[in-house]
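# Notes for the structure review
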Amino acid sequence: EKTDVYTAERKAWSDGATFAMVQTLCRPSNLASMPSGMTGLFIDECHHVAADTYMRIVDTFRERSPKGVVLGLTATPERGDKQALTAVFNNVADKISVGELIASRNLVPPKAYRMDIGLNDQLQSVSKTGAEFDMGQVEAIMDKRAVHSEIIRHWKEKAQDRATVVFCSTIEHAQHLAEAFREEGVTAEAVHSEMSDDDNATILRRFDQGRIKVLLNVMKLTEGWDCQRVGCVVLVRPCSQKSTMIQMIGRGLRPCIDAKRYPGVIKSDCIVLDFGASLMTH
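Presented here is a report on the structure given in the accompanying data block. (Residues numbered from 1 in each chain as written. Predicted model: local features only at pLDDT ≥ 70, side-chain atom pairs only at ≥ 80, totals over all residues. Heavy atoms only, no water.)

### A word on helix α8 (residues 171-183)
For the record, the criterion: Strands are runs of DSSP state E lasting at least 2 residues, helices are runs of H or I lasting at least 4, and numbering of each runs from the N terminus. Helix span is expected to be 1.5 Å times the residue number reduced by one. A simple rule labels every residue: compare its accessible area, found with a 1.4 Å probe on the protein chains alone, to the largest value its type can have, and call it buried under 20%, exposed over 50%, or partly exposed in between. Any two residues whose heavy atoms approach within 4.5 Å are treated as being in contact.
Helix length check: α8 (13 residues) gives 18 Å between terminal C-alpha atoms against 18 Å at 1.5 Å per residue, within 8%. Turning to α8, its buried residues are Ile171, His173, Ala174, Leu177, Ala178, Ala180 and Phe181. Packing partners of the buried residues in α8 comprise α6 (135-142), α7 (145-159), β8 (163-167), β9 (188-190) and β10 (214-217). Taken from the residues just after α8, glycine 185 is the one with a positive phi, measuring 85 degrees.

### Examining the pattern of salt bridges
To keep things clear, this is the line we draw: Any carboxyl oxygen of Asp or Glu within 4 Å of a side-chain nitrogen of Lys or Arg constitutes a salt bridge here.
For the coordinates displayed, the defined rule picks out 14 salt bridges. A salt bridge links glutamate 183 to arginine 145, with the shortest nitrogen-to-oxygen separation between them at 3.1 Å. Remark: arginine 145 occurs in helix α7 and glutamate 183 occurs in helix α8; sequence separation between them is 38 residues. Look at glutamate 183 and you get partly exposed, because its relative accessible area is 47%. You can call arginine 145 exposed: its relative accessible area is 63%. Among the ionic pairs, glutamate 150 bridges to arginine 153, the shortest N-O distance being 2.9 Å. Linking glutamate 150 with arginine 153, this pair stays in helix α7, spanning three residues, or about one helical turn.

### A short note on the sheet that holds β10
Here is the rule: In short, DSSP must find at least two bridges between two strands for them to pair. Only the contacting stretch of a helix is used when fitting its axis, a line to C-alpha atoms as for every element, and angles between N-to-C directions run 0 to 180 degrees.
Strand order in the open sheet formed by six strands is β5-β12-β11-β8-β10-β9, with parallel pairing between adjacent strands. Each edge of the open sheet is held by one strand with a lone partner, namely β5 (110-114) and β9. For this sheet, the mean inter-axis angle between neighbouring strands, taken without regard to orientation, is 20 degrees. By the bridge criterion, four bridges tie strand β11 (residues 230-235) to strand β12 (residues 270-274) in an arrangement that is parallel. Across the sheet, the residue bridging to valine 233 is valine 272, located in β12. Taken strand by strand, helix α9 (residues 197-208) contacts β8, β9, β10 and β11, and its axis lies near 145 degrees from that of β10. This element, helix α10 (residues 242-250), spans β5, β8, β11 and β12 of the sheet and lies at about 145 degrees to β11.

Okay, structure coming up:
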């Protein structure tokens, strides 16, 4: 099948399949070039489809290809803002559960621990801003040296031999906890939106190569990033939405099948350490 990519530089439509980023394709001048009579529009991470950028693409496709099929794919078919996906999709064509994926060995099973270090009552009282917890309040509870020490102590007891991804409340929280890990002799780095793309990419590459043990972030690694090496996921923030929690835990559930890329990595499960009371909530 013929394929091509539609980017800001290339802007090419294939007679077969064309791959494009929503952020590029949604611009009016780019949508104007969309061909008519296309067979289908496939949308990955389609739980975002209610957003205006996605809907511009869907509306243009339906206008020019009224017989075309719109197919969406997602691991989390729900939105925190409760906006319905039925405006675009009129049925669920197929559904596969996490349990089925584990049974078929497409995912490894999580080995989850609810970690109570005396903060659960405080975390349960955090207010929300919109659909999400107020991460400033979470930071005030979690971003303390004594809490960092407890987190690292438990991590060392249960998962210190594993490549680990940590989800924090704020950028400062991630930076401070990364420093606490380093003070304990553990290689740790944080990736976040205030760093350059090149710096983030360098850290992600070093983690993928096994040169960094603990990788910290806020919400940067919930989608579009996969590393088969990850054997532990640590939540040091609460998740108001079950779908967000599943996305975070999912970063560690991919089996390690690329022996060439990850030599010597054997993975039969993923340890989840939840310090944010999300497992209890959901």
